[in-house]
Amino acid sequence: MKTEEKLTGIVEALTDRGWGIINSPAGKIYIHYVIEGEEVEYSIKEEDERGIWAEVKSILKPSPQRVEVPCKIYNRCGGCNLLHIKYEHQLEYKKSLLIKNISKITNYPSEKIKIIRSNPNNYRLRAKLKGREDGKIGFIEKGKISVVEIKNCILYHPKINEFLYIWNSSENMPFVHQIDLLFNPTNNILYSHLSDKPQKMDFTKLFKNTVFSFKGEYKKISIKTEIFSYLTLPSVFFQSNIFLISELLKTVEKYLIKGERAIDLYSGVGFFIPVLQKYFKKIYAVESNRLSYKLLKENFPEVKAYRTLSSKFSFPPADLLLIDPPRSGMDQRTSHRIVKKRYERIIYISCSQKGFKKDMKILLKNGYKLKGITMLDLFPHTPYFETIALFENQ
């Protein structure tokens, strides 16, 4: 197929990463910013071993689920790709992905899946920005290595957007490789960690209610939830949806029963430990990141914490194993050691359907049964969402 040749087609479905699929004589065409059922005009951008990649030229017959996009850089920014779809339909799309993945390998009834929605806008407490040589900050541009400047993002809390606007509207701002931002709703302060320490420091006076830190500094932040105040940092992982932090904890708690010991794998700063402590006398927490482990120890000095990779953990006996792995899921050695231990109950938490499906197959193949599942839409306007599943050993 020739590149830049204008073609037409009907979008058959969306993939688990939000790409539209158009079936053509040459094969499947993958295309962004479309909705199933739409007739579109497109051109081919490139073809490789993964498939044929296209670009929308115009929407000939738009879906009734399409909305006007309130973002001038939507087709350049790599932050989200479902902003053109009504939020209710985003939820339907995500639920269909989850049902599809489950139904292929187990007979768990889809009507029992609980869906917890979010306010779809201004929900993110955290941001990771990249810097340009001209001092502007933003996201890596889609399909490129350049940084696209951002002054406002519909996903971010207004305090983060205020920071972005001031930084990118001001002259002679310093170059930094990366800025990590964390808004603390407890005290209404924005914390900004810069990967470099600029020689000129007077720019910090531009920002109100903002605390700056720089490479090598360690300024702790206390974020209060309904049941615990966590110490954290802008540069370490912490749950990012301001509207669903408590719901995430409550959902996990619904799957807990009293026991002696629990293991919190990929513990981070210990986000789930407060609810685990209500049900278990002893908790083992496992975290490999140096800063997260240090904060974990400060947050929960009474917990037995291990700084190690999950694949090297000894996995002692326990009544519950809670797993909240990175997007890729568990590595092969970790999953092998877990199924060999035959833990009675496992709570598995995932933000990636690919990782969840991979690890769910392993658990079901080794005698576990899916007993409960909840979908939390932690990431509106993106194809990602949080899945919390309970597995029991049969």
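Now for a quick tour of the structure. For every chain, the first residue of the written sequence is number 1, and numbering continues from 1 onward in sequence order. Where totals are concerned, whole chains, interfaces and linings use all residues; where local detail is concerned, this predicted model gives features only for residues with pLDDT of at least 70, and gives and counts side-chain atom pairs only at 80 or more. Each side-chain value is worked out from all heavy atoms of the structure, with water and hydrogens disregarded.

### Some remarks on the nonpolar core
In step 1: What makes a nonpolar core is a set of buried Ala, Val, Leu, Ile, Met, Phe, Trp, Tyr and Cys residues whose side-chain atoms join them at distances within 4.5 Å. Exposure is judged per residue with a 1.4 Å probe applied to protein chains only, and the accessible area is read against the type maximum: over 50% gives exposed, under 20% gives buried, and values in between give partly exposed. Of all hydrophobic cores here, the largest spans 75 residues; its most connected members are Phe163, Trp167, Ile179 and Ile347.
In step 2: In contact with isoleucine 179, not counting residues within four places along its chain, are Ala127, Lys128, Leu129, Ile137, Phe163, Trp167, Ser192, His193 and Leu194.
In step 3: If you look at the next biggest cluster of nonpolar residues, it comprises 33 residues, including Val286, Phe356, Leu363 and Ile373. Whether two residues touch is decided by their heavy atoms; if any such pair falls within 4.5 Å, the residues are in contact.

### Brief notes about the pattern of salt bridges
In step 1: Every case where a carboxyl oxygen of Asp or Glu lies within 4 Å of a side-chain nitrogen of Lys or Arg is listed as a salt bridge. Considering all chains together, one arrives at 17 salt bridges under this definition.
In step 2: For glutamate 38, the salt bridge identified is with arginine 66, shortest N-O distance 2.8 Å. Of the two residues, glutamate 38 is situated in the loop between strand 4 (27–31) and strand 5 (39–48) and arginine 66 in the loop between strand 6 (51–61) and helix 1 (87–103); the sequence distance between them amounts to 28 residues.
In step 3: The exposure class of glutamate 38 is buried, given its relative accessible area of 0%.
In step 4: The salt bridge involving aspartate 377 is made with lysine 94; its shortest N-O contact spans 2.6 Å. Of this pair, aspartate 377 sits in the loop between strand 21 (368–376) and strand 22 (386–393) while lysine 94 is found in helix 1, placing the two residues 283 residues apart along the sequence. Taken as a pair, aspartate 377 and lysine 94 share a single burial class, namely buried. Elements are defined by DSSP. Helices are runs of H or I of four residues or more, strands are runs of E of two residues or more, and each kind is numbered from the N terminus.

### What about the side chain of glutamate 141?
In step 1: Tracing the sequence through the fold places glutamate 141 in the loop between strand 9 (137–140) and strand 10 (147–149).
In step 2: A distance of 3.1 Å separates polar atoms of two side chains, one belonging to glutamate 141 and the other to arginine 76. Polar contact criterion, stated in full: a pair of N or O atoms within 3.5 Å, where within protein one must be able to donate a hydrogen and the other to accept it, and residues adjacent in sequence count only if both atoms are side-chain atoms.

### Details of helix 3 (residues 245–254)
In step 1: With 7 of its 10 residues buried, helix 3 lies for the most part within the structure.
In step 2: If you check which residues of helix 3 are buried, you get Ile245, Ser246, Leu248, Leu249, Thr251, Val252 and Glu253.

### So, helix 1
In step 1: Counted at 1.5 Å a residue, the expected span for helix 1 with its 17 residues is 24 Å, and the 24 Å between its end C-alpha atoms agrees.
In step 2: Turning to helix 1, its buried residues are Tyr87, His89, Gln90, Leu91, Tyr93, Lys94, Leu97, Leu98, Asn101 and Ile102.
In step 3: Packing partners of the buried residues in helix 1 comprise strand 2 (13–14), helix 7 (353–365), strand 21 and strand 22. How far a helix is expected to stretch is found by multiplying one less than its residue total by 1.5 Å.

### Thoughts on the sheet that holds strand 1 (residues 7–10)
Strand pairing in a sheet is mediated by backbone hydrogen bonds. Such pairs are either parallel or antiparallel.
In step 1: Whether two strands pair comes down to DSSP finding at least two bridges between them. Ordered in space as 1-5-6-4-3-2, the 6 strands form an open sheet in which the pairing is mixed. Two strands bound the open sheet, and with one partner strand each, they are strand 1 and strand 2.
In step 2: Note: strand 5 against strand 6, 9 bridges, orientation antiparallel. Residue glutamate 41 lies in a different strand from strand 6, and its bridge partner there is serine 58.

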